[in-house]
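# Coordinate analysis (summary)
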Amino acid sequence: MTLSGLAYIGLLFAVVLGLALPLGRYMAAIFEGRVRWLAPLEGGLYRLCGIDPARQMGWQAYAVALLLLSLVHFVLLYAILRLQYYLPLNPAHIPGMSPRLAFNTAASFVTNTNWQAYTPESQISLGAQSYGLAVHMFLSAAAGIAAAAAVMRAFTGSHLTSLGNVYTDLTRITLYLLVPVALVAAILLVAAGVPQSFAASVTVHLVQTGAAQPIALGPVALQEAIKELGTNGGGFFNANSAHPFENPTALTNLLENALLLVIGFALPLSFGHMVKAPAQGRALMLSMAVLLAAGCVASYAAEAAGNPLHIAAGVAPQGNWEGKEMRFGIPASTTFNVSATGTSTGAVDGFTDSYTPLGGLVPLFLMQLGEVTPGGVGSGFYTIIVFALLAVFVAGLMVGRTPEYLGKKVQAREIKLAMLAVLILTLLILGGAGLSLLTASGLASLANAGPHGLSEMLYAWSSATENNGSAMAGLSADTPLLDYGLGIAMLLGRFAFMVPVLAIAGSLAAKPRLPASSGTFPTTGPLFVGLLVGVIIILGGLQFMPADTLGPLAEHFLLQAGKTF
Amino acid sequence: MSAPETISLFDGAILRRAALDAVLKLSPASLARNPVIFVTETVAALVTLVAAGEAYGGARPWFGFTIAAWLWLTVLFATFAEAVAEGRGRARAESLRRARAEANAKLLIAPPDRSLHRLVPATELRRDDVVLVEAGDLIPSDGEVIEGVASVNESAVTGESAPVVREAGGDRSAVTGGTLVVSDWLIVRITADAGATFIDRMIALVEGASRRKTPNEIALDILLAGLTLIFLIAVVTLAAFGRYSGLLFSIPVLAALLVCLIPTTIGGLLSAIGIAGMDRLVRFNVVATSGRAVEAAGDVDALLLDKTGTITFGNRMASGFYPVPGVSEANLAEACLLSSLGDDTPEGRSILAFARDRHGLTRQPPEGAEMIKFSANTRTSGLDFNGQSYRKGAVDSVLAGLGAEPPDAFTAEVERIARAGSTPLAVTHNGHLLGLIELKDIVKPGIKSRFEALRKLGIRTIMVTGDNRITAAAIAAEAGVDDFIAEATPQNKLDYIRKVQAEGRMVAMCGDGTNDAPALAQADVGVAMQTGTQAAREAGNMVDLDSDPTKLIEIVEIGKQLLITRGALTTFSIANDISKYFAILPAIFVPLYPQLAALNIMGLKTPESAILSAVIFNALIIVALVPLALKGVAFRAIGAAQLLKRNLLIYGLGGIIAPFAGIKLIDMGLGLFHIFS
């Protein structure tokens, strides 16, 4: 590790926090309906779609509307992917996807996962990329943020019956947040050299041989912007953010890294503004930041320490450069990957498969923690609320009262739903990976044997369930088992988690919000941040330790002893 | 207060009985309501079967049998903890049961005529039967006096041997089955069917027979069941990951891992904590009708306290002598003293005491003096002696007899005293006005600091009084309460409670009269006085056998202590898991990857010894924590933030560190005897 490497991590955090502070306030204004600078357009959209913006929805109505919208999107996207050969904007004449790959891809983009079992350049048309996938990069991100806004509203008052209106939430989040910020970011990226074109490719003549080589092009800049901003992660190119057209310079690398963190960190701040207690939002944000910073430093340290075998052979004394984007170096490259797994973005500018075992354990563990560092846009917020409720419940009894969070009593119903949500994630990740490793088809997908193979499978199921979408690579994901299995994991990991959380919000909303007194469990300050971090690690991560020990940890100790796979 | 006898934590008889009960409680049917321990028992049975199968096949599965034995012990320790808690309650119930009336009752054939009655066994009495109870009879069941006055010895229930008066009508009409009529007679209408009397309910509650899970317990149970399921998934899938890696785990190994990870410590102690909380309340001579009420006491945000008797002593006492201009204070004090010699009321005695303490004056009634006793008609008392006449009494009565206008300074002083919530008495000597005595309702010493302590816990205190607003405000300020209800009526008390509850707060109050019943029923915690009416006792969810309204504060603390104990042991139990990973994971993976021995940071001797040590620690910690579960975590009236910091340090951080030391010690102990090492 070098000081400048650590300084880069510090710089990134400073940039993100600097952007998140005003953005958090602005987003609170959006959620409260106070941002109206496109009011005519917004009103027009409502009239066009027959939406009554004044309608208030309880948690069931909100959840049902989100589920139905997602179902419609899923069916539409599935149809686009199957029929892309016949649809406009297919200059490369790419054939329609197979049913199972289309299922997997549709599930992936509807759930904000962006797991890519396909190779973008050869298996998806330009049209399907833009009106299929890119559209969902906005919609699925907006859906996550809307659910988070609904959860926030539960804490804003007493005896509430409504969590808001899902249609106005989606419209406003798209109109006032995602589109404008993505546009500005896209323009910055274009300025830095990212292409934005509807031409299929550009042909260049190689310097040495003079041979002609086509290089794929497309509307890259906009997709890149929303890919990071909406914690989607689906790259225009298979190499994702390691591709020079997606991420040409060190500055774009920093910008993209900041973009993928900013909404996640701003959401708890918005929450603080909405509940009129900014310190509460800061405590949640700090908990996220502490975990992410620890992850960034740990992964960087492991990679900077390097591979003992390389060091012994004298080939790479300067740390483990394998799997890093050489243009950006170890700290920037690992930090990008850790940020992308800590935000369920799944964008990569390096290959985790080639990381040292400990360096690769960090992204894996951040996903298993439940994606709260700061997690996917929206989903990271409502997940950390689940953990905050559990933390308050376990430790809150220790102050001698029925635990309450922001004045809302945490009782049997909330605990039941919270445990259900955590249970679903554990079951999908461990059950899915365990079962896959027992089948011949699952074993055939692995590129490596031993603990490394185990890590690859565990990583895939963690990534899908937590709607991350990043891949450790080394795994052939386009098989019937993994296409369907991971597709189902993505859908359940998203919706079977979101619905109980909305139910918790509905239950809390109906309760009175008690004013704080000196007998109230303090949910701000360093003590609570420490407690919350502890609960996230113990309740959210410890159950994965046995499996992780057989994977990356075993590989680490074997590597130290000179054994590789 | 005479509390029931204290029961030692390690009473031999209770422990012996509990050991037997612990075995009986192993029945899966009775364990099914405790998911964590139920899973432990299932796993213990499975390991036993597997080991037995191997033994049948000719092998010697010592390790399997040892693990099985300790898993069974884990279950046994958990049931033992519950049995001990119940045993302590049963011991208390035994003394109550002795009081239960088994005599015959005199059932009136044609009430209210008390000349005709027939004898029926008390156990056959039904609600609304009317019985006669005479001196020397036990009152056969709970009821309400409809005729007569008698003194009743209620020591069977309250432990207080001085008889109390019970009479028809008013606030002293309730009688309790099993108490003894000492003099006179009563006609009583029975209000409880046999088996449902107050004493029956008390017995059932302290024995834990009618124990239902409280809301917090249910929520905690769900959390523990959820954690158990999560770890079940982790352990079952580990078998798959192991198989992929080329490692077939044995059943005892997986069972050990599972039982060590699921929260057996809190799972085993949860019901004992609840029973012990109830028991602590009984030791304070308070009986709750449900565990829910005890828990609610911990949640209370507002306490409604009667002014008289709770905040103040209730009888007014002299607190100052104020002479009119031209009269010396010594002369006035002398006159106050002499005029009060004939006043036997507590107020009169307090004037003598004040003269003695503040002015160093003591007098015996002079020889031949004529004492004018205080009477409610004249509202004055005094003394005539050698032609000297001293009088003191209510200002208007004394002034009426004087005929002259009082000086302005006097009138002003009267107003000041009245405004301060006190009562002025005028004092005269030979028809000349000397000055005033201030009689004040004295705020109990120390009550202000108790209210401050409550405020730190986030609890507001509200004084309830029949006084007017001005008087009430003065006393409220002196006692340091947060709010007051002046000119209290049953209706405005009820309205106040509803208003506070509408803000989402929980209210506790105590009361004794029938007109308190609606408010007692509305309050989240309603403590009825044992001396109160049957209606009040039915409406409240606790009964204070000592009829001491200040106990509301202790009740709140007991409720809080109960919740804190649960939270502390839950935190401890969950924090324990970290060390168990470091003990068990290297041990079970080392056969495959010897390099993972690096994770054995405790330096445990062999894999078998490591696993066994973790299992033994997991079992023994339950027994080790039984005293804490029964006694409760020490409670301090400090703010929530300090309390959290303190308990998080002890039970959170302590819960992480303690098992590292414990497991290491057990491993060393096993090594000493060369067991699996």
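Residues numbered from 1 in each chain as written. Chains lettered and ligands numbered in written order. Predicted model: local features only at pLDDT ≥ 70, side-chain atom pairs only at ≥ 80, totals over all residues.

### What about the overall build of chain B?
In terms of regular secondary structure, chain B is built from 23 helices and 21 strands. Taken along the three principal axes of its C-alpha coordinates, chain B extends 115 × 65 × 45 Å. Looking at chain B as a whole, 53% of its 677 residues are labelled buried. Residue pairs at least 24 apart in sequence account for 69% of intrachain contacts in chain B once pairs closer than 6 positions are excluded. (Helix = DSSP H or I, 4+ residues; strand = E, 2+ residues; numbered from the N terminus. Buried ≥ 20, exposed ≤ 12 C-beta atoms within 10 Å, placed from the backbone. Contact = placed C-beta atoms within 7 Å.)

### Concerning the overall build of chain A
Within chain A one finds 20 helices and 4 strands. Over its C-alpha atoms chain A spans a radius of gyration of 23 Å, differing by no more than 12% from the 24 Å that the globule rule assigns to 565 residues. By its C-alpha atoms, chain A is 75 × 60 × 45 Å across when sized along the principal axes. In chain A, which comprises 565 residues, the proportion classed as buried is 60%. The long-range fraction of contacts in chain A, counting pairs at least 24 apart against all pairs at least 6 apart in sequence, stands at 78%. (Rg over C-alpha atoms; globule rule 2.2 N^0.38 Å.)

### Observations concerning the interface of chain A and chain B
Taken together, the contact pairs 52 residues of chain A with 56 residues of chain B. Elements that contribute at least two residues to the side of chain A that touches chain B include exactly α14 (379-396), α15 (412-438), α17 (450-465), α19 (525-540) and α20 (545-560) of chain A. Looking at the side of chain A that touches chain B, the element that brings in the most residues is α15(A), giving 14 residues. Partitioning the side of chain A that touches chain B into residue classes produces 34 nonpolar, 15 polar and 3 charged. (Nonpolar A, V, L, I, M, F, W, Y, C, P; charged D, E, K, R; others polar.)

### Concerning helix α20 (residues 551-575) of chain B
Over its 25 residues, α20(B) extends 36 Å from the first C-alpha to the last, a length consistent with the 36 Å expected when each residue adds 1.5 Å. Burial analysis of α20(B) places 24 of its 25 residues in the buried class, the great majority of the element. (Expected span 1.5 Å × (residues − 1).)

### With respect to the sheet that holds strand β20 (residues 525-529) of chain B
Residues and elements named next belong to chain B. The mixed open sheet is built from 7 strands, whose spatial order is β9-β21-β20-β19-β10-β17-β18. Looking along the sheet, the strands with just one partner apiece sit at the ends: β9 (286-288) and β18 (483-485). Put simply, the sheet's adjacent strands are angled 20 degrees from each other on average, direction ignored. Across the face of the sheet, helix α10 (residues 291-299) comes into contact with β9, β19 (507-511), β20 and β21 (542-544) while running at roughly 110 degrees to β20. (Pairing = 2+ DSSP bridges. Axes fitted to C-alpha atoms, helices over the stretch in contact; angles between N-to-C directions.)

### Quick look at the sheet that holds strand β14 (residues 388-394) of chain B
All names here are of chain B. Ordered by their spatial adjacency, 6 strands build an open sheet running β11-β16-β15-β14-β13-β12, and the pairing between neighbours is antiparallel. Looking along the sheet, the strands with just one partner apiece sit at the ends: β11 (312-323) and β12 (370-372). For this sheet, the mean inter-axis angle between neighbouring strands, taken without regard to orientation, is 15 degrees. Sheet topology places β14 next to strand β15 (residues 423-429); 5 bridges connect them, and they run antiparallel. Bridging across to β15, Y390 finds its partner in H429. Docked against the sheet, helix α11 (residues 329-340) engages β11, β13 (380-385), β14, β15 and β16 (432-443), running at close to 80 degrees with respect to β14.

### Description of helix α15 (residues 447-456) of chain B
All names here are of chain B. Those residues of α15 not exposed but buried are I447, F451 and L454. Seen along its axis, α15 keeps its buried residues to an arc of 55 degrees; they face one direction. Residues of α15 that are exposed and angled more than 90 degrees away from the buried face: S449 and E452. At its buried positions, α15 is contacted by β10 (302-306), β16, β17 (460-464), α16 (469-479) and α20. Directly beyond the C-terminal end of α15, a positive phi value near 85 degrees is found at G458. (Arc of directions from axis to C-beta.)

### So, the packing of helix α9 (residues 264-283) of chain B against helix α22 (residues 607-631) of chain B
Residue and element names in this part refer to chain B. One way to put it is that α9 packs onto α22 with a least axis distance of 9 Å and a crossing angle of 20 degrees. The angle between α9 and α22 places the two elements in the roughly parallel class. Considering the relative orientation of α9 and α22, their crossing is right-handed. The residues of α22 that touch α9, namely those facing T264, T265, G268, L269, A272, I273 and A276, are N618, I621, I622, L625, V626, A629 and L630. By residue class, the composition of the contact of α9 with α22 is 10 nonpolar, 4 polar and no charged. (Parallel < 35°, antiparallel > 145°, perpendicular 65-115°, else oblique. Left-handed = near helix turned anticlockwise from the far one by under 90°.)

### Describing the packing of helix α3 (residues 59-83) of chain A against helix α6 (residues 126-153) of chain A
All names here are of chain A. Taken N-terminus to C-terminus, the directions of α3 and α6 make an angle of 170 degrees; their axes are 11 Å apart at the nearest point. Comparing their axes, α6 and α3 come out roughly antiparallel. Mapping the contact onto sequence places Y62, L66, S70, H73, L77, I80 and L81 in α3 and A128, G132, H136, L139, A143, A147 and A150 in α6. Of the residues contributing to the contact of α3 with α6, the split by class is 10 nonpolar, 4 polar and no charged.

### What about the environment of A:P53?
All names here are of chain A. Mapped onto the secondary structure, P53 falls in the loop between α2 (39-49) and α3. Classification of P53 as partly exposed rests on a count of 15 C-beta atoms within 10 Å. Considering only alpha carbons, one finds P53 and N165, 112 residues apart in sequence, at a separation of 7.1 Å.

### Concerning unusual backbone geometry
All names here are of chain A. A cis geometry characterises the amide bond from T373 onward to P374, with omega recorded as -5 degrees. Structurally, P374 is set in the loop between α13 (357-368) and α14. You will see that K276, though not glycine, has its phi angle at about 60 degrees, which is positive. A residue is classified by how many C-beta atoms lie within 10 Å of it, and K276, with 9 of them, is exposed.

### A few points about the confidence of the model for chain B
The predicted model of chain B has a mean per-residue pLDDT of 86, with 95% of residues at 70 or higher. Two summary scores accompany this predicted model of the complex, namely pTM at 0.87 and ipTM at 0.93. (pLDDT = per-residue confidence, 0-100.)

### A look at the environment of A:L133
Residues and elements named next belong to chain A. On the secondary structure map, L133 appears in helix α6. Distance in space between the C-alpha atoms of L133 and L66 is 18 Å, their sequence separation being 67 residues. Here L133 is in contact with F109, A128 and G234, once residues within four sequence places are set aside.

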